[in-house]
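# Understanding the architecture of this molecule
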Amino acid sequence: MEPSGRRVAAASVLTGAAAGLVGGLAMSLLMLTLRLLLGVATTSELLGDRIAAMLPVDFFLSLLSFFGGYNQLKQLGAGSVLAGQLAAAMAGGALLGYLVARERRARPEAVLTAGIGIRPLRVVIGLTIGAWILLVAALWPTLATEYAGLPSGPATLVSIIGLGVDLGAYLAVTLLAFAWLSRTPARGSDAAGPTRTRRWVLAGGAGLVLAAVSGGLLKRLFEMATFSYDGTQYSGSNLEPITPNDRFYQVTKNLIDPIVNGGLWRLEVSGHVDRPATYDLAAIEAMTSVEQETTLMCISNPIDWGLMSNAVWTGVPMARLLETVAPRAGAVEVLCHAADGYTDSFAFEKAMDPTTLVAYRMNGKTLPQHHGFPARLIVPGMYGEKNVKWVTRIEVVDQPAKGFYEQQGWGPNFEVPNRTRIDGPDLGQSIAAGSAVRLHGVAFGGDRGVRQVEVSTDGQRTWQTAELTYPGTMLTWAFWTYGWRPQRAGSYKLAVRMTDGTGQQQTAERRGTAPQGATGYALATATVRA
Ligand SMILES: Nc1nc2c(c(=O)[nH]1)N[C@H]1C(S)=C(S)[C@@H](COP(=O)(O)O)O[C@H]1N2
Ligand SMILES: [Mo]
């Protein structure tokens, strides 16, 4: 009876795989629902961040260019985890089917509960708990992610419980589906065939419904996703010195940005301190605030791109919060944590600088969700990534600590070097000889201000001083303009460079964005026709 035994086992494995798929779909549905309603991090997000932080920067950038950008990579990552999860769910179900078939053959006399023996049941429950423990251990560094903005302790707990609930739902649905699919009809019933077929059709239908509902949820989540705006640049010819909030450049590591509940949100200031403190939003807003115009720029902003904007931020100097908690001797850095599990660090001295802020207003308005509601850091002179959005915890550390991007190998110097950009006019068009051309653009010197901008129209042989139409402050960009009247037809090599408020000139050395941000003059070629 070997072949038939084998056939029975195969049927059981197949039934298990189908049940596992239904269980996996139910688990995905639950996971997406918890994400949508409560901001509980999904495995796609937790695993994605866990892996992303471990990717060396060069490999990360080659992945970006291979798949066509950050958004494509994010989608591929999230999709792979979801697909992998369903595959694992089916494999788990198949294992259940195999164990049950073996049990039936080994101990046909044993009483099977709903067609599943106690021993297979024990094994799959054990394996599920094992998977939970393994997941928690593997994802530990990212478990404080909670997109509604819960403090890190409760956030970690919510992630752990969330994973447990997901796996529990998987196990329960898989067992039920398996028991139901493999239920043998009462002896003597001649409806065995049709009944079985109908059960499979029903199970298939249930699977389809689950898949459809999950698909609907995915669509909803996709509409909320960052794909439509991550990488938005502020560039073009109609730039204002103060960037309107809805045009401010945007960069985020997330698939879906946090929607922080301002009532639940707390800012913890803790770590290597004597008197850790926790603030709610009202407490932060009640403190004496400062208004500070500051320009932010992403480290991955190529010389001629627009991942750079300027706003007036309202907030509380971080030094005030730090003084309150009494940092201990030996504090070297602050490691800042956010609702999305993001982290970044900078020198304790920089944290104590009066211009380093915990900001909650942007150009006089409540901080927009995508820019970090309810609070973000403003760290003048350092690349955008240090300006942690949706900040939830400032941890004083006595050892240097690496944040999300620094772990990838960005840095170690995150100070914005001097830079210039040519914004206009459109040099794709040729210029008539003898006509007046108004060259214009921006210059940015981190927290050192912009003292002078120079323009060369002859391949860097001679330099002329440009006019600063918007001089800005030490912490902001400046707008420059230069009136040019080319007399002869030909091709002109333009270059723009700046000198910052400390007298330091922009370097001509061309350097790419990784790992410390791009350098080199702004260059362009103009064609002048007779
Ligand atoms: N919590 C959190 N903060 C973050 C990021 C993030 O992904 N998560 N991205 C950083 C990066 S790389 C940049 S350049 C700036 C962008 O800020 P903006 O979108 O408000 O312009 O936010 C920084 N702060
Ligand atoms: Mo950035």
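Further remarks concern the confidence of the model for the protein. Overall, the prediction assigns the protein a mean pLDDT of 94, with 97% of residues at 70 or greater. Per-element mean pLDDT across the protein ranges from 86 in helix 7 (residues 192-224) up to 99 in strand 9 (residues 376-378). Ignoring residues within four places in sequence, the model shows residues 186-192, a span with pLDDT below 50, making 1 contact including any to other chains.

On to the pattern of salt bridges, then. One pass over the full model with this rule turns up 14 salt bridges. Between E103 and R107 there is a salt bridge, with the nearest N and O atoms lying 3.2 Å from each other. For E103, a relative accessible area of 5% puts it in the buried group. Looking at R107, the relative accessible area reads 29%, which means it is partly exposed.

Packed helix pairs are characterised by how far apart their axes lie and by the angle those axes make with each other. Put simply, helix 2 (residues 43-54) and helix 4 (residues 70-106) touch, their axes get as near as 9 Å, and they point 120 degrees apart. Relative to helix 4, the element helix 2 is oriented oblique. In the crossing of helix 2 with helix 4, the sense of the turn from one axis to the other is right-handed. The segment helix 2 lies against helix 4, with T43, S44 and L47 engaging A78, V81, L82 and Q85. Of the residues in the contact of helix 2 with helix 4, the class split is 4 nonpolar, 3 polar and no charged.

For the rest of this paragraph, the subject is the side chain of T15. Within the secondary structure, T15 is located in helix 1 (residues 2-38). In this structure, T15 is in contact with F178, L181, S182 and W200, ignoring residues within four places of it in sequence.

Take the sheet that holds strand 5 (residues 333-338) next. An order of 2-1-10-5-6 is seen for the 5 strands of this open sheet, with the pairing classed as mixed. Two strands lie at the open edges of the sheet, namely strand 2 (277-279) and strand 6 (343-347), each paired on one side alone. For this sheet the average axis-to-axis angle between neighbouring strands, irrespective of direction, equals 20 degrees. Pairing of strand 1 (residues 267-271) with strand 2 involves 3 bridges; the strand directions are antiparallel. For E268, the partnering residue across the bridge sits in strand 2 and is T278.

In this section: the site of ligand 1. By nearness alone, 19 residues border ligand 1, and Y249, D340, H371, R376 and K389 come closest of all. D340 is positioned such that a nitrogen or oxygen atom in its side chain is 2.7 Å from a nitrogen atom of ligand 1. Contacts to ligand 1 include K389, whose side-chain N or O atom sits 2.6 Å from an oxygen atom. Calculation on ligand 1 without its partners gives an accessible area of 530 Å², and the protein chains cover 99% of this total. The residue inventory of the shell around ligand 1, partitioned by class, reads 9 nonpolar, 5 polar and 5 charged.

Time to look at unusual backbone geometry. The peptide bond linking G411 to P412 adopts the cis configuration, its omega dihedral lying at 10 degrees. Mapped onto the fold, P412 is located in the loop between helix 11 (404-408) and strand 11 (419-424). Here the bond from A514 into P515 is cis, since omega is 0 degrees, no more than 30 degrees from zero. Residue position: P515 is located in the loop between strand 18 (490-500) and strand 19 (522-529). The phi angle at Q460 is positive, at roughly 70 degrees, despite the residue not being glycine. Counting through the fold element by element, Q460 comes out in the loop between strand 14 (450-456) and strand 15 (464-465). On the basis of relative accessible area, Q460 is assigned to the partly exposed category, the value being 37%.

The rules behind these values
- Residues numbered from 1 in each chain as written.
- Chains lettered and ligands numbered in written order.
- Predicted model: local features only at pLDDT ≥ 70, side-chain atom pairs only at ≥ 80, totals over all residues.
- Heavy atoms only, no water.
- pLDDT = per-residue confidence, 0-100.
- Helix = DSSP H or I, 4+ residues; strand = E, 2+ residues; numbered from the N terminus.
- Contact = heavy atoms within 4.5 Å.
- Salt bridge = Lys/Arg side-chain N within 4 Å of Asp/Glu carboxyl O.
- Buried < 20%, exposed > 50% of the residue type's maximum accessible area, 1.4 Å probe, protein only.
- Axes fitted to C-alpha atoms, helices over the stretch in contact; angles between N-to-C directions.
- Parallel < 35°, antiparallel > 145°, perpendicular 65-115°, else oblique.
- Left-handed = near helix turned anticlockwise from the far one by under 90°.
- Nonpolar A, V, L, I, M, F, W, Y, C, P; charged D, E, K, R; others polar.
- Pairing = 2+ DSSP bridges.
- Near = heavy atom within 4 Å.
- Polar contact = N/O pair within 3.5 Å; in protein donor to acceptor, adjacent residues only side chain to side chain.
- Areas by Shrake-Rupley, 256 points an atom, 1.4 Å probe, with all protein chains shown as cover.

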